[in-house]
Amino acid sequence: MRRPILTANWKMNMNSAELTAFTGRFIPLVANADEVDIVIASPFTLLDRLAQQIAGTTIQSAGQNVNPEESGAFTGEIAPGMLADMGCAYAIVGHSERRTLYGETDEWVARKAAALLDHRIRPIVCVGETLEQRDAGRALEIIETQIRESLARIPRDQAEQIVIAYEPVWAIGTGRTATPEIAQQAHEQIRKRLSAQFGEAGNRIRIQYGGSVKPETVYDLMSQPDIDGALVGGASLDPEAFARIVHFQSQRTQ
Ligand code: 13P
């Protein structure tokens, strides 16, 4: 079966003192969580320190973005090899904040994902529709196009390395989680698309849900057949809350 993956996306938050306070609380709380993958995507500035603090645990680190080029005159950018050098096992690409605020296209996301695989870093490829697109009845079509185009450069034999994050834009940072049913419907559509593109491997690719995931909502989301993990923003800044999300099995409320 697909191994659950719980990823913290810290976005542009946390400094070195806050990181140390976080890991000091979080690491003991998840010490026995050995049936899930735990990933922390910190700002670039903390990746080195994060790597030192999670050494010897099962927690893995991730970049929040990457530039597909190997090196060169790209002021302010970070290359895949630099993330590898920091010990990153994963990197997020195509987050909706980058798509909407910084104009990232599916083609650009596709280049990043392929460049990461060249460095043995697993891309977490984000897709998701806006509220306008959902209200216009276009959600599934939008997601399908994003999947097809953003994964256009992924070789079939490496497809299992990737992780998809379905993050409906209207649920990010709004406190408005998609219902488990709405999320499952999108995940099922994504799964079909992955199978069409990659054959049998499509069944083994993990699909995370993201958008206002909280300890109180994670169990029902994770109970859906095609939801294999969570990509967590706000709640992941709190070590207790993120640890409860990691222990999603014990968060059942009824
Ligand atoms: P929130 O959990 O804060 O809604 O953020 C979701 C997200 O964008 C994770 O990548």
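Above this text you will find the structure in question.
This structure is a prediction, so every number in the text was calculated from the model and none was measured.

Draft legend 1. Here's a closer look at the site of the ligand. Close to the ligand lie Asn 9, Lys 11, His 95, Glu 167, Ala 171, Ile 172, Gly 173, Gly 211, Ser 212, Leu 231, Gly 233 and Gly 234. Gly 173 places a polar main-chain atom, nitrogen or oxygen, 2.6 Å from an oxygen atom of the ligand. In the environment of the ligand, an oxygen atom lies 2.8 Å from a nitrogen or oxygen atom belonging to the backbone of Gly 234. Its free accessible area being 310 Å², the ligand has 95% of it covered by the protein chains.

Draft legend 2. Main features of the environment of Ala 230. Considering the arrangement of structural elements, one finds Ala 230 in strand β8 (residues 229-232). The spatial distance from the C-alpha of Ala 230 to the C-alpha of Asp 85 is 26 Å, given a sequence separation of 145 residues.

Draft legend 3. Quick look at the packing of aromatic side chains. Per the stated rule, a full pass over the model turns up four aromatic pairs. Every member of this aromatic cluster is reached through a ring pair, and the members are Trp 10, Phe 22, Phe 26 and Phe 242.

Draft legend 4. Structural context of the sheet that holds strand β1 (residues 5-9). Here eight strands make up a closed barrel; going around it, the order is β1-β2-β3-β4-β5-β6-β7-β8 and the pairing parallel. Ignoring which end each strand starts from, the neighbouring axes of this sheet average 25° apart. Both strand β3 (residues 60-63) and strand β4 (residues 90-93) contribute to a ladder of two bridges, which runs parallel. Counterpart to Ala 62 in the pairing with β4 is Tyr 90. Running over the sheet, helix α7 (residues 139-150) touches β5 (122-127) and β6 (163-166) and is turned about 150° from β5.

Draft legend 5. Broad picture of helix α10 (residues 239-246). Among the eight residues in α10, six count as buried, and that is most of the element. Of the residues making up α10, those classed as buried are Pro 239, Ala 241, Phe 242, Ala 243, Ile 245 and Val 246. In this structure Asp 238 caps α10, since a side-chain oxygen of it lies 2.9 Å from the backbone nitrogen of Glu 240.

Draft legend 6. Layout of the layout of surface pockets. If you add up the space inside the largest pocket, you get close to 550 Å³. Ranked by the residues each element gives to the lining of the largest pocket, the list is headed by helix α4 (residues 96-101), at three residues. Looking at the lining of the largest pocket residue by residue, the class counts come to seven nonpolar, seven polar and four charged. In terms of lining residues, the second largest pocket is bounded by 17 residues, among which Lys 11, Gly 173, Ser 212, Gly 233 and Gly 234 are the most central. For the lining of the second largest pocket, the per-class residue count stands at five nonpolar, nine polar and three charged.

Draft legend 7. Representation of the nonpolar core. Within the largest apolar cluster, 63 residues are counted, with the highest numbers of intra-cluster contacts made by Phe 26, Ile 164 and Phe 242. Leave out the neighbours within four places in its chain, and Phe 26 touches Ile 38, Ile 40, Ile 59, Pro 239, Phe 242, Ala 243 and Val 246. Of all hydrophobic cores here, the second largest spans 12 residues; its members include Val 39, Ala 41, Ile 92 and Val 163.

About the thresholds
Within each chain, residue numbers correspond to sequence positions counted from 1 in written order. Whole-chain, interface and lining totals are the exception, using all residues; otherwise, since this is a predicted model, local features are given only for residues with pLDDT of at least 70 and side-chain atom pairs are given and counted only at 80 or more. To get the side-chain values, take all heavy atoms of the structure and skip hydrogens and water. We define proximity as follows: a residue is near a molecule or strand when any one of its heavy atoms falls within 4 Å of that partner. Definition of a polar contact: a pair of N or O atoms within 3.5 Å, with one able to donate and the other able to accept a hydrogen when the atoms are protein atoms, and with sequence-neighbouring residues admitted only if both atoms are side-chain atoms. For the accessible areas, the method is Shrake-Rupley and the probe is 1.4 Å, while residue cover comes only from the protein chains on display. Only DSSP runs of H or I covering at least 4 residues are called helices, and only runs of E covering at least 2 are called strands; the numbering of each starts at the N terminus. Whether two aromatic rings pair depends on their centres lying within 6.5 Å, for rings of Phe, Tyr and Trp, where Trp uses its six-membered ring; planes under 30 degrees apart make the pair stacked, over 60 edge-to-face, and the rest tilted. What makes two strands pair is DSSP finding at least two bridges between them. For every element, the axis is a line fit to its C-alpha atoms; helices are fit only across the contacting stretch, and the angle between N-to-C directions ranges from 0 to 180 degrees. By definition, residues are in contact when any of their heavy atoms lie within 4.5 Å. Whether a residue is buried, partly exposed or exposed follows from its accessible area with a 1.4 Å probe, protein chains only, as a fraction of its type maximum: under 20%, in between, or over 50%, in that order. The rule is simple: put a 1 Å grid over the protein atoms alone, call a set of points where a 1.4 Å probe fits but cannot get out a cavity, call an open set with protein on both sides within 12 Å along at least five of seven lines a pocket, and count a residue as lining if it has an atom within 4 Å of a point. Grid points are joined across faces, edges and corners, and a volume is the space filled by probe spheres set on the points. For this classification, the nonpolar set comprises Ala, Val, Leu, Ile, Met, Phe, Trp, Tyr, Cys and Pro, the charged set comprises Asp, Glu, Lys and Arg, and every other residue, Gly included, is treated as polar. As used in this record, nonpolar core signifies buried Ala, Val, Leu, Ile, Met, Phe, Trp, Tyr and Cys residues forming a set joined through side-chain atoms within 4.5 Å.

No statement about biological role is implied by the geometric values presented.
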